[in-house]
Amino acid sequence: MRVTISSPAKINLFLAVTGRRADGFHDLVSVAAPLAFGDELVAELGEPLSAGASAGVAEGPAVGMAASQFILECDHPEVPPDDSNLVLKAARAFAAATGWRGRVTFKLTKRIPLGAGLGGGSSNAVATLVALNRLAGGLLAASNLAGLAAGLGSDCAFFLHGGPAVMRGRGERLEALPDSAVERLRDRRVLLFKPSFGISTPWAYQRMAARATDYLPAVEAEGRLMAWVRGRAPVGELLFNNLEGVAFEKFVALPVLLDKLQREFDVPARMSGSGSTCFALPGDDLVTAPLTALVRRCWGPRAFVEETRLA
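In this report, the structure presented in the accompanying data block is examined. What you are looking at is a predicted structure, and each value in this text was computed from that prediction instead of being measured.

### Digging into the sheet that holds strand β9 (residues 269-271)
Argument step 1. Ordered in space as β9-β10-β7-β11, the four strands form an open sheet in which the pairing is antiparallel. The open sheet terminates on both sides in strands that have one partner only, identified here as β9 and β11 (304-309). Mean inter-strand twist for the sheet, computed between neighbouring axes without regard to direction, equals 20°.
Argument step 2. Where strand β7 (residues 189-194) meets β11, six bridges bridge the pair, whose relative direction is antiparallel. The partner of Leu191 across the bridge, within β11, is Glu307.
Argument step 3. Sheet contacts for helix α10 (residues 289-299): β7, β10 (278-280) and β11; angle to β7, the most-contacted strand, approximately 15°.

### Describing the side chain of Arg184
Argument step 1. If you trace the backbone, Arg184 turns up in helix α5 (residues 179-185).
Argument step 2. One buried charged residue, Arg184, remains without a salt bridge, the closest side chain of opposite sign being Glu237 at 8.0 Å.
Argument step 3. If near-sequence neighbours (up to four positions away) are discounted, Arg184 is found in contact with Trp228, Val229, Gly231, Arg232, Ala233 and Val235.

### Details of the pairing of strand β6 (residues 173-176)
Argument step 1. In this sheet, β6 lies alongside strand β5 (residues 165-168) in antiparallel orientation, the contact comprising four bridges. Across the sheet, Arg168 pairs through a bridge with Arg173, a residue of β6.
Argument step 2. From the end of β5 to the start of β6, which pair antiparallel, there are four residues, and Gly169 there has a positive phi angle of about 70°.

### Notes on the side chain of Thr128
Argument step 1. In this fold, Thr128 is placed in helix α2 (residues 120-135).
Argument step 2. Look at Thr128 and you get buried, because its relative accessible area is 0%.

### Describing the nonpolar core
Argument step 1. Counting 63 residues, the largest nonpolar core has Phe106, Leu132, Phe193 and Leu254 as its most contacted members.
Argument step 2. When residues of this core are assigned to their parent elements, the largest contribution, seven residues, is made by α2.
Argument step 3. Beyond its immediate chain neighbours, meaning those up to four positions away, Phe106 contacts Leu41, Val42, Ala43, Phe70, Ile71, Leu72, Glu73, Val87, Leu88, Ala91, Thr128 and Leu132.
Argument step 4. Counting 34 residues, the second-largest nonpolar core is a separate cluster that includes Ala16, Val29, Ala116 and Val235.

What counts and what doesn't
Residues numbered from 1 in each chain as written. Predicted model: local features only at pLDDT ≥ 70, side-chain atom pairs only at ≥ 80, totals over all residues. Heavy atoms only, no water. Pairing = 2+ DSSP bridges. Helix = DSSP H or I, 4+ residues; strand = E, 2+ residues; numbered from the N terminus. Axes fitted to C-alpha atoms, helices over the stretch in contact; angles between N-to-C directions. Contact = heavy atoms within 4.5 Å. Buried < 20%, exposed > 50% of the residue type's maximum accessible area, 1.4 Å probe, protein only. Lys, Arg positive; Asp, Glu negative; His and termini not counted. Salt bridge = Lys/Arg side-chain N within 4 Å of Asp/Glu carboxyl O. Core = buried A, V, L, I, M, F, W, Y, C linked by side-chain atoms within 4.5 Å.

All we've got here are geometric facts, nothing functional implied.
Printed below as a string of structure tokens:
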């Protein structure tokens, strides 16, 4: 038996980091939206794990593949198929929470760039939980899956929501957007572009804490968000990301290109999350080939470019 789960990327259309918490995390107010673009995870069920076998992950030939409950294969050479991968962390969390002993091989087709600010690892973790719950016959209710997801990463719960949502707290508290707001986002065209380098999320937040000048007060963040939600302004007027100050200070190629895109093509454009992926929102009547050509001229032939839509 096998199941195939789509593992979408996401972008932060609105991201206001409001302050650092006592536990070291940051509070935020964000509107995130899943994309039609992403990875794919296939989970194939094997023979159940025997009572005396290890529930860990095989680390090489000496361990013996039969002793491993979960095995990960990936087509991307830079994705580690070991304990550091969120697919295997999620699988172990599921097994610990349920006592389920099925043996599963995961095959991950990786399309979302690494270190991109698109939530690829978190999305993969949630796809793993969904796949295992199906293979196990629905052992966990939706609320239990959400609890497991939140324990794996701040934005993991978002990928169980299935549509645009407001994220609060450290990202684990979700609120659905009103239908009128969702309609302004639905099927909107998106051009993703990422330079050859990534940006570490922990570095970005640590740098923001050290600068202590980029936070947006929660009251102001909520006010900006509610003004857009309750109004009729297009999605371009929602775009905001106060992590850009940290990223742009060090990686000047990002603001230079965003400025060129907005001046030359009059398209809304921002950085997603902690970067380094940026995105533009071209209208349906705009030919995107010149935008892609500009990205290549500024960032070189190794730059990642992908056209997709908000899901």
